Amino acid sequence: MKKIAFFDTKPYDRIWFDQYNESLEIDYFEGKLTPKTCKLVRGYDGVIAFVNDEIDKTVIDTLHEEQVPVLAMRCSGFNNVDIQAAKGKVKVLRVPYYSPYAVAEHAMALILTLNRKIHKAYIRTRDFNFSLNRLIGFDIHGKTIGVIGTGQIGRVFINICRGFGAEIIAYDPYPVKDSDIPYADLDTLFAKSDIISLHCPLTRESHHLINKDSIARMKRGVYIINTSRGSLIESQALLDGLTSGRIGAAGLDVYEEESDLSYEDFSNIVIKDDILSILVSRPNVILTSHQAFLTEEALKNIASVTLSNLEEYYHTGKCSNEI
Ligand code: NAD
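Figured I'd write up the structure that's included with this text. (Residues numbered from 1 in each chain as written. Predicted model: local features only at pLDDT ≥ 70, side-chain atom pairs only at ≥ 80, totals over all residues. Heavy atoms only, no water.)

### Describing the sheet that holds strand E10 (residues 247-252)
With parallel pairing, the 6 strands of this open sheet are ordered in space as E7-E6-E8-E9-E10-E11. Looking at which strands have only one partner, the edges of the open sheet turn out to be strand E7 (167-171) and strand E11 (285-287). Going from strand to strand, the sheet's axes swing by 15 degrees on average, the running direction of each strand aside. Sheet topology note: the E10/E11 ladder contains 3 bridges and is parallel. Note on E11: the bridge partner recorded for glycine 251 is isoleucine 286. Across the sheet, helix H4 (residues 100-116) lies against strand E8 (195-198), strand E9 (222-226), E10 and E11, angled at about 145 degrees from E9, the strand it touches most. (Pairing = 2+ DSSP bridges. Helix = DSSP H or I, 4+ residues; strand = E, 2+ residues; numbered from the N terminus. Axes fitted to C-alpha atoms, helices over the stretch in contact; angles between N-to-C directions. Contact = heavy atoms within 4.5 Å.)

Structural data, given as structure tokens:
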């Protein structure tokens, strides 16, 4: 039986991996896979890792030295893996599709919560405060929503927005051919959108796509929603935009410096990230902890596809979901 080291384990991961696993011996480690922990892979035939593991050249070289031939990412994004270093040394597999609905629905949840101030109303009514002051929102119907990245998640998000009667404007360097998606260049999208939602991967080109200059080109009061990757947004520029009022609200499921924070409990500990501390304190900012994927359907698909990726690799030496 092939032995697998599973990193960054949370209780909800184990439920479906244990349920679907038939042929692998899995050891679950709570810690992340990082240059410090990668020696743990000794004696294993494969590794399962996640979005905030730090899989740099040192980790890849260690996997190679320890004769671990395969790294199965239990996620779709792989910006945290040094793919260049992995070439010819370690096969990297991923789950390209598990539930675009989970992430797209979460993006809309962030918009609705921020716009209709549900987070504020919830706290007020629990304290029997039934005042409506400062809870005014706007109709999404008729507003323009800019969608950056029209892959699986972006397209589901567009359909959700259309259900609300919003106008769509989209940007993607690789537009979907023969579709009814109204594409425009980024400048036009920035200038026209009331809400901008990010659904593109983090690459060299998209790093800090939302920065001081691009924010200056947006409509005053624009909402920015990020369920993709934190480093698409320059955090200081976002904070400055929120302070000046140029940005009306921000819904962030991901954050630039999240890797040490996500999925951990830091309550009662002083966080040393001042930008994050200020963002969290703002009434027009909602932060969720990289949870957009977290639905039962997505977790089931992540477990079954990750396991079948490894089985395919062990049986054939190849995998259709290899990066
Ligand atoms: P996808 O590969 O189906 O689509 C990505 C789209 O972005 C493609 O159409 C691509 O052409 C486009 N793109 C590439 N570079 C771009 C750029 N510079 N500007 C604009 N568009 C660009 O991916 P997907 O499944 O739709 O996922 C989108 C992103 O969502 C992932 O890259 C990942 O970072 C993020 N994600 C987040 C969560 C979460 O839990 N928050 C879960 C899954 C995925």
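Right, picking up where we left off after that structure.
### A short note on the pattern of salt bridges
Going through the model one piece at a time under the given rule, you end up with 13 salt bridges. Across the pair aspartate 61 and lysine 89 runs a salt bridge whose closest N-O atoms are separated by 2.7 Å. Taken together, the residues span a long stretch of sequence, with aspartate 61 in helix H2 (residues 57-65) and lysine 89 in the loop between helix H3 (83-86) and strand E5 (91-93) at a distance of 28 residues. Classification of aspartate 61 by relative accessible area gives buried; the value is 17%. Salt bridges sharing partners connect three or more residues here, namely Asp8, Lys10, Lys32 and Glu264. (Salt bridge = Lys/Arg side-chain N within 4 Å of Asp/Glu carboxyl O. Buried < 20%, exposed > 50% of the residue type's maximum accessible area, 1.4 Å probe, protein only.)

### Here's the deal with the sheet that holds strand E1 (residues 2-6)
Ordered in space as E2-E1-E3-E4-E5, the 5 strands form an open sheet in which the pairing is parallel. Two strands lie at the open edges of the sheet, namely strand E2 (24-28) and E5, each paired on one side alone. Pairs of neighbouring strands in the sheet enclose a mean axial angle of 25 degrees, with direction left out of account. Where E1 lies against strand E3 (residues 46-49), 3 bridges are found, and the strand directions are parallel. Across the sheet, residue alanine 5 finds its bridge partner in E3, namely valine 47. Against the sheet, helix H1 (residues 11-20) engages E1, E2 and E3, with an angle of about 170 degrees to E2.

### Notes on the packing of aromatic side chains
In the structure shown here, the tally under the stated rule is 8 aromatic pairs. Measuring from centroid to centroid gives 5.6 Å for phenylalanine 50 and phenylalanine 293, while their planes differ by 65 degrees, and the two rings are edge-to-face. Within this pair, whereas phenylalanine 50 is found in the loop between E3 and H2, its partner phenylalanine 293 is found in the loop between E11 and helix H11 (296-316), the two being separated by 243 residues in sequence. Lysine 3 extends its terminal NZ or CZ atom over the ring of tyrosine 44, reaching a point 4.8 Å from the ring centre. (Phe/Tyr/Trp six-rings, centres within 6.5 Å; stacked < 30°, edge-to-face > 60°. Lys NZ or Arg CZ within 6 Å of the ring centre and 35° of its normal.)

### Re the pairing of E10
E10 sits mainly inside the fold: 5 of its 6 residues count as buried. Note that E9 and E10 share 5 bridges and pair parallel. Bridge pairing in E10 places asparagine 226 opposite leucine 252. Between the parallel pair E9 and E10, the chain is carried across by helix H9 (residues 235-244), and the sense of this crossover is right-handed. In this fold, E10 hands off to helix H10 (residues 274-281), which returns the chain to E11; that crossover is right-handed. (Right-handed = clockwise from strand over helix to strand, strands pointing away.)

### Points about H9
Every buried residue belonging to H9 is among Ser235, Ala237, Leu238, Leu239, Gly241 and Leu242, and all of these are buried. Against helix H8 (212-216), E10, H10 and E11 lie the buried residues of H9. Two residues or fewer past H9, glycine 245 is found with a positive phi of approximately 90 degrees.

### Describing the pairing of E8
What you see with E8 is no split at all: Ile195 and Ser197 on one side and Ile196 and Leu198 on the other are buried throughout. The pairing of strand E6 (residues 144-148) with E8 spans 4 bridges and is classified as parallel. Across the sheet, glycine 146 pairs through a bridge with isoleucine 196, a residue of E8. Pairing analysis gives 4 bridges linking E8 to E9, with the strands arranged parallel. Residue isoleucine 195 lies in a different strand from E9, and its bridge partner there is tyrosine 223.

### Topic: the site of the ligand
In the vicinity of the ligand, 24 residues are found, and the nearest of them are Gln152, Ile153, Asp172, Thr227 and Asp253. When the free accessible area of the ligand is taken as 860 Å², the share hidden by the protein chains comes to 85%. When its residues are assigned to classes, the shell around the ligand shows 11 nonpolar, 10 polar and 3 charged. (Near = heavy atom within 4 Å. Areas by Shrake-Rupley, 256 points an atom, 1.4 Å probe, with all protein chains shown as cover. Nonpolar A, V, L, I, M, F, W, Y, C, P; charged D, E, K, R; others polar.)

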